[in-house]
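# Notes for the structure review
The chain contents come next:
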Amino acid sequence: MSPASVAQLGGAVAEVMGARPFELLALDEAVATQRTDADVAFISREVTGTSTKHEIHPALQQVYTLLRQSPGLQWVHIHSAGADRQIYQDLMAKGVRISTSSGANAQVVATVALAGLLAMARKFPLLWAEQQAREWIPMMGQRMPRDLPGQTATIVGWGPIGQKLGSLLLALGLKVVAVRQNLDPSLQGQGGVEQVSFEGLATVLPRTDWLILACPLTTKTRQLVNAHVLAALPPGAHLINVARGEVVDQDALVSALQSGHLGGAFLDVFAHEPLPTDSPLWAMPQVMVTPHAAGHSDGNEARVSQMFLDNLKCWTMGQALRNVVA
């Protein structure tokens with residue numbers, strides 16, 4: 001665990017462990033002394049810090065090396081909802097169980113995606129640029145925003161984030177299509193939500209005003225949104241991505257935006273993070289860029305910690321862990 005987690009959760013861990021012998025080991029101490037005898041690791045937010053999966057800081061790389069060298073490691077709990085970092089794939093290949101914090105930040109990510117949709121719908125990027133230029137231009141004629149009720153939002157991924165976002169969009173009067181791995185016939189049409197499989201995505205694209213990505217990165221979703229998918233959207237449609245950057249063919253996205261076929265995009269994730277300074281996405285007036293921050297909030301740490309503690313209780317009792325990556 002991180003030193004902060006040891007300090008904050010040590011008492012709670014001791015309560016869960018009860019009479020069982022255990023040792024809490026801070027990761028920096030483990031790295032310094034090359035301890036490779038851990039059974040469990042908790043990778044909280046401050047452990048990964050400002051590193052991304054594409055650019056790993058040396059201190060985090062040392063932690064990853066230690067985990068790879070720990071022969072008795074049985075289980076790692078991570079703060080993120082996705083486990084697509086290479087380290088987690090490598091550990092799973094060795095038989096280590098990886099559990100995620102899926103759901104901990106679902107409400108936060110869903111509201112950020114909603115904020116992006118509302119900002120794009122009301123043309124806030126355009127209005128913000130005009131404010132900086134001190135221009136007063138009424139929203140009339142071709143500048144008139146469309147009513148949201150009646151528009152269709154297709155949400156790719158119907159996990160905790162997709163479901164919460166779907167309920168918010170339904171409340172605003174949008175039609176919601178859920179793209180799911182496994183369809184549930186009992187839910188079809190319930191609450192106004194239409195379901196389609198990933199294979200059926202193409203059938204709903206021509207009527208999709210908002211294509212919203214809230215899915216994990218898998219072999220099925222990697223490069224899912226390519227030039228063909230973008231071209232199938234109606235002119236002026238928008239893309240919102242709070243999933244993973246690799247779900248989108250970024251070059252195809254730039255082309256669709258430059259041509260004007262795509263009306264705009266709210267992007268929190270990118271093919272490479274940080275987004276390179278020479279990316280054309282930075283300067284596009286119809287694009288909003290945020291630094292993979294959709295899941296950040298001051299209450300997330302406590303929710304992630306509680307998920308770890310709940311799973312620790314399951315682990316000590318020999319019960320199935322929750323949110324284990326298959």
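Residues numbered from 1 in each chain as written. Predicted model: local features only at pLDDT ≥ 70, side-chain atom pairs only at ≥ 80, totals over all residues. Heavy atoms only, no water.

### Side note on the packing of aromatic side chains
This structure, assessed with the given rule, holds 3 aromatic pairs. Relative to F308, the ring of F42 lies with its centre 4.4 Å away and its plane at 0 degrees, an arrangement referred to as stacked. In this pair, F42 sits in strand β1 (residues 40–43) while F308 sits in helix α12 (residues 300–316), placing the two residues 266 residues apart along the sequence. One exposure class covers both F42 and F308, and it is buried. Look at W75 and F308: their rings are 5.8 Å apart centre to centre, the planes differ by 25 degrees, and that puts the pair in the stacked class. (Phe/Tyr/Trp six-rings, centres within 6.5 Å; stacked < 30°, edge-to-face > 60°. Helix = DSSP H or I, 4+ residues; strand = E, 2+ residues; numbered from the N terminus. Buried < 20%, exposed > 50% of the residue type's maximum accessible area, 1.4 Å probe, protein only.)

### So, the nonpolar core
Of all hydrophobic cores here, the largest spans 35 residues; its most connected members are V156, L211, L213 and L239. The set of elements that each furnish at least two residues to this core consists of β5 (175–180), α9 (201–204), β7 (210–213), α10 (227–232), β8 (237–241), α11 (250–259) and β9 (262–267). If one sorts the elements of this core by residue count, α11 sits on top with 5 residues. Those residues in contact with L213 that lie beyond four places of it in its chain are V156, V225, L239, I240, N241, V242, A243, V247 and V248. In this structure, A153, L169, A214 and A294 belong to the second largest nonpolar core, which totals 26 residues. (Core = buried A, V, L, I, M, F, W, Y, C linked by side-chain atoms within 4.5 Å. Contact = heavy atoms within 4.5 Å.)

### Focus on the layout of surface pockets
In this structure, the second largest pocket encloses a volume near 520 Å³. In this structure, the second largest pocket is lined by 24 residues; those nearest its centre are E23, L25, A38, D39 and V40. When contributions to the lining of the second largest pocket are tallied by element, the ones reaching two or more residues are α1 (3–17), α2 (27–33), β1, α4 (58–68) and α12. Of the residues in the lining of the second largest pocket, the class split is 18 nonpolar, 2 polar and 4 charged. (1 Å grid on protein atoms, 1.4 Å probe; cavity = no way out; pocket = protein on both sides within 12 Å on 5 of 7 lines; lining within 4 Å. Points joined across faces, edges and corners; volume = space filled by probe spheres on them. Nonpolar A, V, L, I, M, F, W, Y, C, P; charged D, E, K, R; others polar.)

### Points about the packing of helix α6 (residues 106–121) against helix α8 (residues 160–171)
Running from N to C, α6 and α8 point in directions that differ by 45 degrees, and their axes come no closer than 8 Å. Between α6 and α8, the crossing angle belongs to the class labelled oblique. At the point where α6 passes α8, the crossing takes the right-handed sense. Residues A106, Q107, V109, A110, T111, A113, L114 and L117 of α6 form the contact with α8, whose own contacting residues are P160, I161, K164, L165, L168 and L169. Here the residues of the contact of α6 with α8 are counted per class, giving 11 nonpolar, 2 polar and 1 charged. (Axes fitted to C-alpha atoms, helices over the stretch in contact; angles between N-to-C directions. Parallel < 35°, antiparallel > 145°, perpendicular 65-115°, else oblique. Left-handed = near helix turned anticlockwise from the far one by under 90°.)

### Things to note about α1
Maximum bend of α1: about 60 degrees, positioned at L9. Those residues of α1 not exposed but buried are S5, L9, G10, V13 and M17. Those residues of α1 hidden inside the fold are in contact with β1, α3 (45–48) and α12. (Bend = angle between axes of the 7 residues up to and from the residue.)

### Considering the sheet that holds β9
The strand order across the open sheet formed by 7 strands is β6-β5-β4-β7-β8-β9-β10, and the pairing between neighbours is parallel. Single-partner strands in this sheet number two, and they are β6 (193–197) and β10 (287–289). Between one strand axis and the next, the sheet turns by 15 degrees as a mean value, whatever way the strands run. Sheet topology note: the strand β4 (residues 152–156)/β5 ladder contains 5 bridges and is parallel. Bridging across to β5, V156 finds its partner in V179. The sheet contacts of α6 involve β7, β8, β9 and β10, and relative to β9 the element is tilted by about 150 degrees. (Pairing = 2+ DSSP bridges.)

### Things to note about empty space enclosed by the protein
The final tally for this structure, using the stated rule, is 1 cavity of 30 Å³ or more. Considered as a void within the structure, the largest cavity measures approximately 40 Å³ in volume. Around the largest cavity sit L239, N241, G245, V248, Q250, L253, L267 and V269, which together line it. Only β8 and α11 provide two or more residues apiece to the lining of the largest cavity. Taken together, the residues that form the lining of the largest cavity break down as 5 nonpolar, 3 polar and no charged.

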